[in-house]
Amino acid sequence: MQSTRNAIDWFEIPVRDMARAATFYEALLETSIRRETIANSTLGVFGYDDTGVGGCLIAGETAPAPSTSGTLIYLPA
């Protein structure tokens, strides 16, 4: 069996307004986004399977400012 690798493992999209961003991405991608709170940040986690690429929306005190940084991409090691 051949192992597959994704070009990216995880992504984070910084947002200012979680409710507005989640509504937008849920409509655009026709999916639901799970809300979580971790270390003073609110996450909107996109659904994914074990072999897929995961990602989230991120807002809060520890999140990067959307106006000064863009999407953060994590590459496989």
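Here the structure is a predicted model, which means the values were calculated and not measured. (Residues numbered from 1 in each chain as written. Predicted model: local features only at pLDDT ≥ 70, side-chain atom pairs only at ≥ 80, totals over all residues. Heavy atoms only, no water.)

## Overview of the pattern of salt bridges
Throughout the structure, instances matching the rule amount to two salt bridges. Between glutamate 26 and arginine 35 there is a salt bridge whose closest N-O contact spans 3.5 Å. Judged by its relative accessible area of 42%, arginine 35 falls in the partly exposed class. (Salt bridge = Lys/Arg side-chain N within 4 Å of Asp/Glu carboxyl O. Buried < 20%, exposed > 50% of the residue type's maximum accessible area, 1.4 Å probe, protein only.)

## Quick notes on the sheet that holds strand S1 (residues 10–14)
Spatially, five strands are ordered S2-S3-S4-S1-S5 in an open sheet, and the strand pairing comes out mixed. Sheet topology places strand S2 (33–38) and strand S5 (72–74) at the edges, where each strand pairs with a single neighbour. With strand direction ignored, the average angle separating the axes of adjacent strands in the sheet is 25°. Here S2 runs beside strand S3 (residues 41–46); their pairing, made up of six bridges, is antiparallel. Along S3, the bridge assignment pairs arginine 35 with glycine 44. Across the sheet, helix H1 (residues 18–29) touches S1, S2, S3 and strand S4 (54–60), and the angle it forms with S4 is around 155°. (Pairing = 2+ DSSP bridges. Helix = DSSP H or I, 4+ residues; strand = E, 2+ residues; numbered from the N terminus. Axes fitted to C-alpha atoms, helices over the stretch in contact; angles between N-to-C directions. Contact = heavy atoms within 4.5 Å.)

Any functional reading would require information that these geometric values do not contain.
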